[in-house]
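The residues making up each chain are set out below.
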Amino acid sequence: MKKQVSLIVLAAALMMSLSACGGSGGKTETAGQGGSSGSEKTLRFATWDTGDALKIEQDIAKKFEESHPGTKVQVEAYADGFDQKLAAGFGAANPPDVMYMWDFPTYHQSLEPLDSYADKDKDLNIDDFYKGLFNYGKIDGTLYGIPAGFTTRVVYYNKKLFDEAGVPHPKDGWTWPEFQEMAGKLTDKSKKQYGFGVRAENDTYDLQGFVWSNGSSFISPDGKTIDGYMNSKETAEAIQMFGDMVKNGSAVLTGGKGQQSGDDIFKAGKIAMWESGIWPLESFRQAGVDVGTVEMPAFPGKPVKGVLAESALSIAKDSKQKDLAWEFIKFYVSDASIKMRVADLPVRQSVVTELKKDQDPLYKPYYTMLERSDNTPAFLLNPKWNEVNRQLSAAVESVMHGSNAQDVLNQAVKDSERYMK
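Calculation notes
- Residues numbered from 1 in each chain as written.
- Predicted model: local features only at pLDDT ≥ 70, side-chain atom pairs only at ≥ 80, totals over all residues.
- Heavy atoms only, no water.
- Helix = DSSP H or I, 4+ residues; strand = E, 2+ residues; numbered from the N terminus.
- Buried < 20%, exposed > 50% of the residue type's maximum accessible area, 1.4 Å probe, protein only.
- Polar contact = N/O pair within 3.5 Å; in protein donor to acceptor, adjacent residues only side chain to side chain.
- Axes fitted to C-alpha atoms, helices over the stretch in contact; angles between N-to-C directions.
- Parallel < 35°, antiparallel > 145°, perpendicular 65-115°, else oblique.
- Left-handed = near helix turned anticlockwise from the far one by under 90°.
- Contact = heavy atoms within 4.5 Å.
- Expected span 1.5 Å × (residues − 1).
- 1 Å grid on protein atoms, 1.4 Å probe; cavity = no way out; pocket = protein on both sides within 12 Å on 5 of 7 lines; lining within 4 Å.
- Points joined across faces, edges and corners; volume = space filled by probe spheres on them.

Novice: Explain the environment of aspartate 188 to me, and be specific about the residues and the numbers.
Specialist: Along the chain, aspartate 188 falls in the loop between helix H9 (176–185) and strand S9 (194–199). Judged by its relative accessible area of 26%, aspartate 188 is partly exposed. Looking at aspartate 188, its side chain comes within polar contact range of the side chain of serine 190, at 2.5 Å.

Novice: Can you tell me about the packing of helix H11 (residues 233–248) against helix H19 (residues 405–416), naming the residues and giving the values?
Specialist: Interaxial distance between H11 and H19 falls to 9 Å at its minimum, and their mutual angle equals 125 degrees. Taken as axis vectors, H11 and H19 run oblique relative to one another. Note on packing geometry: the crossing formed by H11 with H19 is right-handed. Across the interface between the two elements, Lys233, Thr235, Ala236, Ile239 and Gln240 of H11 pack against Ala405, Gln406 and Leu409 of H19.

Novice: Help me get a handle on helix H4 (residues 51–67), residues and values and all.
Specialist: Taking 1.5 Å of rise per residue, 17 residues should cover 24 Å, and H4 covers 25 Å from first to last C-alpha, within 8% of that figure. Within H4, burial applies to Leu54, Ile56, Glu57, Ile60, Ala61, Phe64 and Glu65.

Novice: Before we move on, can you summarise empty space enclosed by the protein with the specific residues and values?
Specialist: Applying the stated rule across the entire model yields 5 cavities of 30 Å³ or more. For the second largest cavity, the lining is made up of 13 residues, of which Arg199, Asn202, Leu207, Phe210 and Glu275 are closest to its centre. Those elements that place two or more of their residues in the lining of the second largest cavity are S9 and helix H10 (204–213). Among the elements that take part in the lining of the second largest cavity, S9 stands out by supplying 4 residues, more than any other.

Right, here's the structure in full:
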């Protein structure tokens, strides 16, 4: 699942990528143009995953080939170059047939609408999916992506550090003031140990959950206004909270230039609490951390809100074998394939029930947060959000380094207003 996202598909990048296509085609372009070699059909599948997750996807592709004789699935691992390579493929009318997708505002015009497939194909069993996941794959009410995996965000905590400090473990229903008090008690600078890790460079997409929980958002519900939203008192308070924790020493900056990632510092037992999605859980356990998870704290008197990171599967509008592509998508989101992809949270309720994920103390908070993730992210509300987000990201980063949130957010709104016209 793609963790860090940035809307970077620009016309200039497209042209640059297109001009390079002739020199990097190899087997990928030949297969894409021909669609088959002799009697064998080649289906191209593009992924952003690497490592163990990629290996699992390759295994799923092999199983699909076994059940579909005469079909070869060509898994194309684009890794960090996913957006650029995908844009180049679309621009050259030679995209992969099936691809992972999250940035529907940018790409939807190049994707095949999937409503007719999903509504008519009973084998998909669409009612078995968590319904809220489909909201992230639609543009103007049209479905362009089938949910494949997701994560919500939770607070990880190191049980050993809590016990050594005599601090009770956090429980669902806790508040941000309680969180901050715990972080202070869990900080021991003589050991270079801190209560919490704050990202030096934050993905503003992830910060939306905190802002929503404090009763605000980055943009108006109709996607037309940022003044009074992105710079509201509530938005500033939610972001300032983390900057203040760095200032008072109960949190440490992570992941900046020359700094270790929060994941690594948590594994080393130097931060007691860390906020993230499902991605690092297995590595924490392998590192021997006695780890717990808990739902996000609440701002007093306000409901907790969550944000989803979702991977979906889409079909290229230019694909010459859409029916085969659809069969691959169905296979990929079948019970058996979902169980193979252990780095994702299952998107089917039947799989969650069977595996008892919603009853496992480590996994239950993710599904609790799923129930609370019904707000619409800013990038789905305004096609120019990429431009606005540059100003917002810079403002947030400066807060983590000591700036006043209200001041820099006011300036970010002023600098971004031209994009809202």
